[in-house]
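Fold and geometry: a report
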Amino acid sequence: MKPIQSLFLLVFALLSINTVWAQYGNGYNNNGYGRGGAMGMDRSMMQGQQSAPSKPKEIPAEETAAKIVEQMKPEVNLDELQAIAITNVMADSMREQGILLKNESSSQDQKLEQINALREETNKKINAFLNPDQKEKFTAFMANFKEVKKPKSKKKKDSKKDIKEDIKEVKDATKETE
(Lines give C-alpha, C1' and ligand atoms only; values in the text may rest on other atoms or scores of the structure.)
Protein backbone atom coordinates (compact mmCIF):
# COMPACT_ATOMS: atom_id res chain seq x y z
CA MET A 1 0.00 0.00 0.00
CA LYS A 2 2.82 2.37 0.79
CA PRO A 3 4.46 2.14 -2.68
CA ILE A 4 1.13 3.02 -4.39
CA GLN A 5 0.61 6.05 -2.14
CA SER A 6 4.16 7.28 -2.74
CA LEU A 7 3.68 6.83 -6.51
CA PHE A 8 0.47 8.90 -6.46
CA LEU A 9 2.17 11.55 -4.34
CA LEU A 10 5.14 11.71 -6.71
CA VAL A 11 2.91 12.02 -9.81
CA PHE A 12 0.82 14.73 -8.12
CA ALA A 13 3.95 16.68 -7.17
CA LEU A 14 5.37 16.48 -10.71
CA LEU A 15 2.11 17.66 -12.26
CA SER A 16 1.85 20.53 -9.77
CA ILE A 17 5.41 21.72 -10.46
CA ASN A 18 4.83 21.60 -14.22
CA THR A 19 1.67 23.71 -13.83
CA VAL A 20 3.48 26.27 -11.68
CA TRP A 21 6.32 26.56 -14.20
CA ALA A 22 3.86 27.03 -17.06
CA GLN A 23 2.20 29.92 -15.22
CA TYR A 24 5.53 31.70 -14.82
CA GLY A 25 6.44 31.33 -18.49
CA ASN A 26 8.99 28.55 -18.15
CA GLY A 27 6.60 26.07 -19.69
CA TYR A 28 6.45 28.10 -22.91
CA ASN A 29 10.20 28.29 -23.59
CA ASN A 30 10.51 31.71 -21.97
CA ASN A 31 13.25 32.48 -19.54
CA GLY A 32 12.20 34.25 -16.40
CA TYR A 33 8.89 35.18 -14.90
CA GLY A 34 5.85 36.32 -16.81
CA ARG A 35 4.74 35.42 -20.27
CA GLY A 36 6.63 38.20 -22.02
CA GLY A 37 3.35 39.12 -23.71
CA ALA A 38 -0.25 38.14 -23.67
CA MET A 39 -1.74 34.70 -24.01
CA GLY A 40 1.54 32.84 -24.42
CA MET A 41 2.92 35.16 -27.07
CA ASP A 42 6.55 36.14 -26.81
CA ARG A 43 7.97 39.62 -27.42
CA SER A 44 8.74 39.01 -31.09
CA MET A 45 5.05 38.31 -31.75
CA MET A 46 3.93 41.45 -29.91
CA GLN A 47 6.07 43.92 -31.91
CA GLY A 48 3.57 44.14 -34.75
CA GLN A 49 0.76 45.08 -32.40
CA GLN A 50 2.62 48.01 -30.83
CA SER A 51 2.59 50.10 -33.99
CA ALA A 52 0.69 53.39 -34.12
CA PRO A 53 -3.09 53.16 -34.42
CA SER A 54 -4.13 52.94 -38.04
CA LYS A 55 -5.81 55.88 -39.72
CA PRO A 56 -9.07 55.42 -41.56
CA LYS A 57 -8.45 54.33 -45.10
CA GLU A 58 -8.47 57.19 -47.58
CA ILE A 59 -10.74 56.72 -50.56
CA PRO A 60 -8.76 57.18 -53.78
CA ALA A 61 -9.56 60.33 -55.78
CA GLU A 62 -10.32 58.21 -58.87
CA GLU A 63 -13.01 56.31 -57.00
CA THR A 64 -14.69 59.46 -55.70
CA ALA A 65 -14.51 61.15 -59.11
CA ALA A 66 -16.01 58.06 -60.77
CA LYS A 67 -18.96 58.10 -58.33
CA ILE A 68 -19.65 61.78 -59.01
CA VAL A 69 -19.44 61.29 -62.79
CA GLU A 70 -21.80 58.28 -62.55
CA GLN A 71 -24.35 60.56 -60.88
CA MET A 72 -23.67 63.26 -63.45
CA LYS A 73 -23.95 61.02 -66.55
CA PRO A 74 -27.75 60.78 -66.83
CA GLU A 75 -28.42 64.36 -65.76
CA VAL A 76 -25.93 65.99 -68.14
CA ASN A 77 -26.29 63.34 -70.90
CA LEU A 78 -22.59 62.49 -71.06
CA ASP A 79 -21.23 59.97 -73.53
CA GLU A 80 -18.52 57.50 -72.48
CA LEU A 81 -15.61 59.56 -73.80
CA GLN A 82 -16.82 62.66 -71.96
CA ALA A 83 -17.33 60.64 -68.78
CA ILE A 84 -13.77 59.29 -68.91
CA ALA A 85 -12.26 62.72 -69.59
CA ILE A 86 -14.26 64.42 -66.85
CA THR A 87 -13.42 61.63 -64.38
CA ASN A 88 -9.71 62.20 -65.06
CA VAL A 89 -10.03 65.97 -64.65
CA MET A 90 -11.96 65.59 -61.37
CA ALA A 91 -9.52 63.01 -59.99
CA ASP A 92 -6.56 65.32 -60.73
CA SER A 93 -8.42 68.19 -59.10
CA MET A 94 -9.20 66.14 -55.98
CA ARG A 95 -5.55 65.08 -55.64
CA GLU A 96 -4.42 68.71 -55.91
CA GLN A 97 -7.07 69.74 -53.39
CA GLY A 98 -5.77 67.12 -50.97
CA ILE A 99 -2.26 68.48 -51.35
CA LEU A 100 -3.51 72.02 -50.72
CA LEU A 101 -5.39 70.96 -47.60
CA LYS A 102 -2.37 69.13 -46.17
CA ASN A 103 -0.09 72.12 -46.75
CA GLU A 104 0.61 73.45 -43.26
CA SER A 105 2.56 76.52 -44.38
CA SER A 106 -0.52 78.36 -45.69
CA SER A 107 -3.36 79.82 -43.62
CA GLN A 108 -7.04 78.86 -43.83
CA ASP A 109 -7.81 81.92 -45.96
CA GLN A 110 -5.02 81.11 -48.39
CA LYS A 111 -6.17 77.50 -48.62
CA LEU A 112 -9.73 78.66 -49.31
CA GLU A 113 -8.56 80.99 -52.08
CA GLN A 114 -6.42 78.26 -53.63
CA ILE A 115 -9.25 75.74 -53.52
CA ASN A 116 -11.71 78.20 -55.08
CA ALA A 117 -9.19 78.93 -57.86
CA LEU A 118 -8.72 75.18 -58.38
CA ARG A 119 -12.50 74.69 -58.53
CA GLU A 120 -12.87 77.39 -61.18
CA GLU A 121 -10.02 75.90 -63.21
CA THR A 122 -11.57 72.44 -62.95
CA ASN A 123 -14.98 73.75 -64.06
CA LYS A 124 -13.35 75.41 -67.09
CA LYS A 125 -11.63 72.14 -68.02
CA ILE A 126 -14.89 70.20 -67.64
CA ASN A 127 -16.85 72.79 -69.67
CA ALA A 128 -14.33 72.35 -72.50
CA PHE A 129 -15.64 68.77 -72.95
CA LEU A 130 -19.33 69.78 -72.96
CA ASN A 131 -21.63 71.23 -75.62
CA PRO A 132 -23.74 74.35 -74.79
CA ASP A 133 -26.79 72.30 -73.71
CA GLN A 134 -24.67 70.12 -71.45
CA LYS A 135 -22.95 73.16 -69.91
CA GLU A 136 -26.30 74.41 -68.59
CA LYS A 137 -27.15 70.97 -67.23
CA PHE A 138 -23.69 70.72 -65.65
CA THR A 139 -24.16 74.08 -63.90
CA ALA A 140 -27.55 72.92 -62.58
CA PHE A 141 -26.08 69.57 -61.50
CA MET A 142 -23.27 71.25 -59.56
CA ALA A 143 -25.74 73.60 -57.86
CA ASN A 144 -27.87 70.60 -56.81
CA PHE A 145 -24.75 68.70 -55.76
CA LYS A 146 -23.77 71.52 -53.40
CA GLU A 147 -27.33 71.68 -52.00
CA VAL A 148 -27.27 67.97 -51.24
CA LYS A 149 -24.17 68.43 -49.07
CA LYS A 150 -25.47 71.40 -47.05
CA PRO A 151 -28.59 69.93 -45.37
CA LYS A 152 -26.51 67.38 -43.47
CA SER A 153 -24.85 70.07 -41.36
CA LYS A 154 -28.18 71.84 -40.87
CA LYS A 155 -29.72 68.62 -39.61
CA LYS A 156 -27.02 68.33 -36.97
CA LYS A 157 -27.58 71.93 -35.90
CA ASP A 158 -31.34 71.41 -35.83
CA SER A 159 -30.98 68.28 -33.72
CA LYS A 160 -28.73 70.18 -31.31
CA LYS A 161 -31.38 72.91 -31.06
CA ASP A 162 -34.03 70.27 -30.43
CA ILE A 163 -31.94 68.76 -27.65
CA LYS A 164 -31.38 72.16 -26.06
CA GLU A 165 -35.12 72.89 -26.23
CA ASP A 166 -35.89 69.49 -24.67
CA ILE A 167 -33.46 70.18 -21.84
CA LYS A 168 -35.01 73.58 -21.27
CA GLU A 169 -38.52 72.05 -21.15
CA VAL A 170 -37.37 69.44 -18.62
CA LYS A 171 -35.79 72.13 -16.45
CA ASP A 172 -38.96 74.23 -16.62
CA ALA A 173 -41.08 71.21 -15.72
CA THR A 174 -38.89 70.40 -12.73
CA LYS A 175 -39.07 74.00 -11.51
CA GLU A 176 -42.87 73.90 -11.70
CA THR A 177 -43.05 70.70 -9.66
CA GLU A 178 -40.84 72.15 -6.91
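Before any of the text, the structure's been laid out above.
So, here's what we can say about the structure. (Residues numbered from 1 in each chain as written. Predicted model: local features only at pLDDT ≥ 70, side-chain atom pairs only at ≥ 80, totals over all residues. Heavy atoms only, no water.)

Some details on the side chain of threonine 87
- Considering the arrangement of structural elements, one finds threonine 87 in helix α4 (residues 80-102).
- Its relative accessible area of 16% is what places threonine 87 among the buried residues. (Helix = DSSP H or I, 4+ residues; strand = E, 2+ residues; numbered from the N terminus. Buried < 20%, exposed > 50% of the residue type's maximum accessible area, 1.4 Å probe, protein only.)

Observations regarding the nonpolar core
- If you look at the biggest cluster of nonpolar residues, it comprises 17 residues, and the most contacted ones within it are Met72, Val76, Leu78, Ile86, Met90, Ile126 and Leu130.
- At the level of elements, α3 (61-76), α4 and α6 (132-177) are the ones that each hand at least two residues to this core.
- Broken down by element, this core gets its largest block of residues, six residues, from α3.
- Setting aside chain neighbours within four positions, we find isoleucine 86 in contact with Val69, Met72, Leu78, Ile126, Phe129 and Leu130. (Core = buried A, V, L, I, M, F, W, Y, C linked by side-chain atoms within 4.5 Å. Contact = heavy atoms within 4.5 Å.)

Focus: the environment of threonine 139
- You can see threonine 139 is positioned in helix α6.
- Between the alpha carbons of threonine 139 and valine 76 there is a distance of 9.3 Å; along the sequence they are 63 residues apart.
- For threonine 139, the side chain forms a polar contact with the main-chain oxygen of lysine 135, separated by 2.9 Å. (Polar contact = N/O pair within 3.5 Å; in protein donor to acceptor, adjacent residues only side chain to side chain.)

Digging into the packing of α3 against α4
- At a closest axis distance of 8 Å, the pairing of α3 and α4 adopts a crossing angle of 140°. One element, α3, and the other, α4, form an angle in the oblique class. Seen from above, α3 lies across α4 with right-handed handedness. Along its contact with α3, which presents Ala61, Glu62, Thr64, Ala65, Ala66, Ile68, Val69, Met72 and Lys73, the element α4 presents Glu80, Ala83, Ile86, Thr87, Met90, Ala91, Met94 and Arg95.
- Residues of the contact of α3 with α4, tallied by class, amount to 11 nonpolar, two polar and four charged. (Axes fitted to C-alpha atoms, helices over the stretch in contact; angles between N-to-C directions. Parallel < 35°, antiparallel > 145°, perpendicular 65-115°, else oblique. Left-handed = near helix turned anticlockwise from the far one by under 90°. Nonpolar A, V, L, I, M, F, W, Y, C, P; charged D, E, K, R; others polar.)

Some remarks on the packing of α4 against helix α5 (residues 108-128)
- α5 packs onto α4 with a crossing angle of 170° between their chain directions and a minimal axis gap of 10 Å. The orientation of α4 relative to α5 falls into the category roughly antiparallel. On α5, the residues touching Ile86, Val89, Met90, Ser93, Glu96, Gln97, Leu100 and Leu101 of α4 are Lys111, Gln114, Ile115, Leu118, Thr122, Lys125 and Ile126.
- Looking at the contact of α4 with α5 residue by residue, the classes come out as eight nonpolar, four polar and three charged.

Observations regarding unusual backbone geometry
- A positive phi angle, near 60°, is found at asparagine 77, a position not held by glycine.
- Assignment of secondary structure puts asparagine 77 in the loop between α3 and α4.

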